[in-house]
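Here is what each chain is made of, one letter per residue.
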Amino acid sequence: MVSRSMERTDKQRLLKEASGQFGPVVEKTLFRPQNIFPLASKSGKLTSEHFKTWLKDVLYPNIGQQSILLLDSWSGHCSDTIEKTKPADKKIVSMMIPKGTTPRGRIRPLDVCGFRVWKNFVRRFSDIVLLHNYDVNLHLRNNIIKLQSLEHNQLSSPRYKSLFQYARCSRCIAIIIKTFAESVELSFVSNAEP
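Residues numbered from 1 in each chain as written. Predicted model: local features only at pLDDT ≥ 70, side-chain atom pairs only at ≥ 80, totals over all residues. Heavy atoms only, no water.

Asks: Before we go on, may I ask you to explain the overall build of the protein in this structure?
Replies: Looking only at helices and strands, the protein features eight helices and four strands. For the protein, the α and β elements follow one another from N to C terminus as β-α-β-α-β-α-β-α-α-α-α-α. The 194 residues of the protein split such that 34% are buried. Long-range contacts, defined here as pairs at least 24 residues apart, represent 71% of the contacts in the protein between residues at least 6 apart. Counting only carbon and sulfur atoms, one obtains 54% of the accessible surface of the protein, whose full area is about 12,700 Å². (Helix = DSSP H or I, 4+ residues; strand = E, 2+ residues; numbered from the N terminus. Buried < 20%, exposed > 50% of the residue type's maximum accessible area, 1.4 Å probe, protein only. Contact = heavy atoms within 4.5 Å. Areas by Shrake-Rupley, 256 points an atom, 1.4 Å probe, with all protein chains shown as cover.)

Laid out in structure tokens, this is it:
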């Protein structure tokens, strides 16, 4: 989620769990950073219940009294859900992007630009762990959460603000890709050998 001021405010991350929920032992030991709100899902995909939880625990506490919420056409993004769950002191206008209006990412520049940088960051981090044979299992639940927290922290840096700012403008996509293609390197600059 990106606010009007182009600050990253998203927190939720879904983890696939066989039962669809975290067990008592996992709940006890689960790493819970301030910038990530981990949830369990049987399929690993967002459900309408996850959407309700996200609204109540992530969105509403982090927005002002008047907000616009722009959503894609996924059926779980129901405006009735927003109306039923929103606090009385908040005025939220929800708008849907009509189904089929986002061909090949031309109208969804965050898919083309923002998520590309996110994937490059995670890939680069994974490559470093593998290349240097570090004793880190990136497939463990807590390590996934830690990596997502680190990625969120890095992409919340002021150096990435313009990435999200210009991603709204589809004419700027070529410029964004060129400018930020190697921006992940900024997060991994090192003067010493590991």
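Asks: Honestly, the nonpolar core in this entry has me stumped. Any pointers?
Replies: One broad rule of soluble globular proteins: the nonpolar side chains tend to lie buried together. Residues Phe 51, Trp 54, Leu 55, Val 58, Leu 59, Tyr 60, Ile 63, Leu 69, Leu 71, Ile 82 and Ile 92 constitute the largest nonpolar core, which totals 11 residues. Counting residues per element, the ones that place at least two in this core are α2 (48-59) and β3 (66-71). Top element by residues in this core is α2. It accounts for five residues. Core analysis: the second largest hydrophobic core is formed by seven residues, Leu 15, Phe 22, Ile 36 and Ala 40 among them. (Core = buried A, V, L, I, M, F, W, Y, C linked by side-chain atoms within 4.5 Å.)

Asks: Hey, could you run me through unusual backbone geometry in this one?
Replies: Working note: non-glycine residues mostly have negative phi, and peptide bonds are mostly trans. Of note in the backbone geometry, Asn 133 takes a positive phi value of approximately 55° without being a glycine. Tracing the backbone shows Asn 133 in the loop between α5 (114-131) and α6 (141-155).

Asks: Would you mind going over α5 with me for this structure?
Replies: In an α-helix, one turn spans 3.6 residues; hence positions three or four apart end up facing the same way. Taking 1.5 Å per residue as the helical rise, α5 with its 18 residues ought to reach 26 Å, and the 26 Å between its terminal C-alpha atoms agrees with that figure. Within α5, the full set of buried residues consists of Gly 114, Val 117, Phe 121, Val 122 and Val 129. Buried residues of α5 fall within an arc of 135° about the axis and therefore sit on the same side. Turned more than 90 degrees off the buried face of α5, the exposed positions are Leu 130 and Leu 131. (Expected span 1.5 Å × (residues − 1). Arc of directions from axis to C-beta.)

Asks: Just to check I follow, could you spell out the packing of aromatic side chains for this structure?
Replies: Aromatic ring pairs are defined here through the distance separating the ring centres and the angle between the ring planes. Taken as a whole and assessed by the stated rule, the structure comprises one aromatic pair. With centroids separated by 5.9 Å and ring planes inclined at 20°, the aromatic side chains of Phe 51 and Trp 54 adopt a geometry described as stacked. Taken as a pair, Phe 51 and Trp 54 lie in helix α2 at a separation of three residues, close to a single helical turn. For the residue pair Phe 51 and Trp 54, the accessibility class agrees, reading buried in each case. For Lys 146, the ring lying beneath its charged end belongs to Phe 31, and the centroid distance is 5.3 Å. (Phe/Tyr/Trp six-rings, centres within 6.5 Å; stacked < 30°, edge-to-face > 60°. Lys NZ or Arg CZ within 6 Å of the ring centre and 35° of its normal.)

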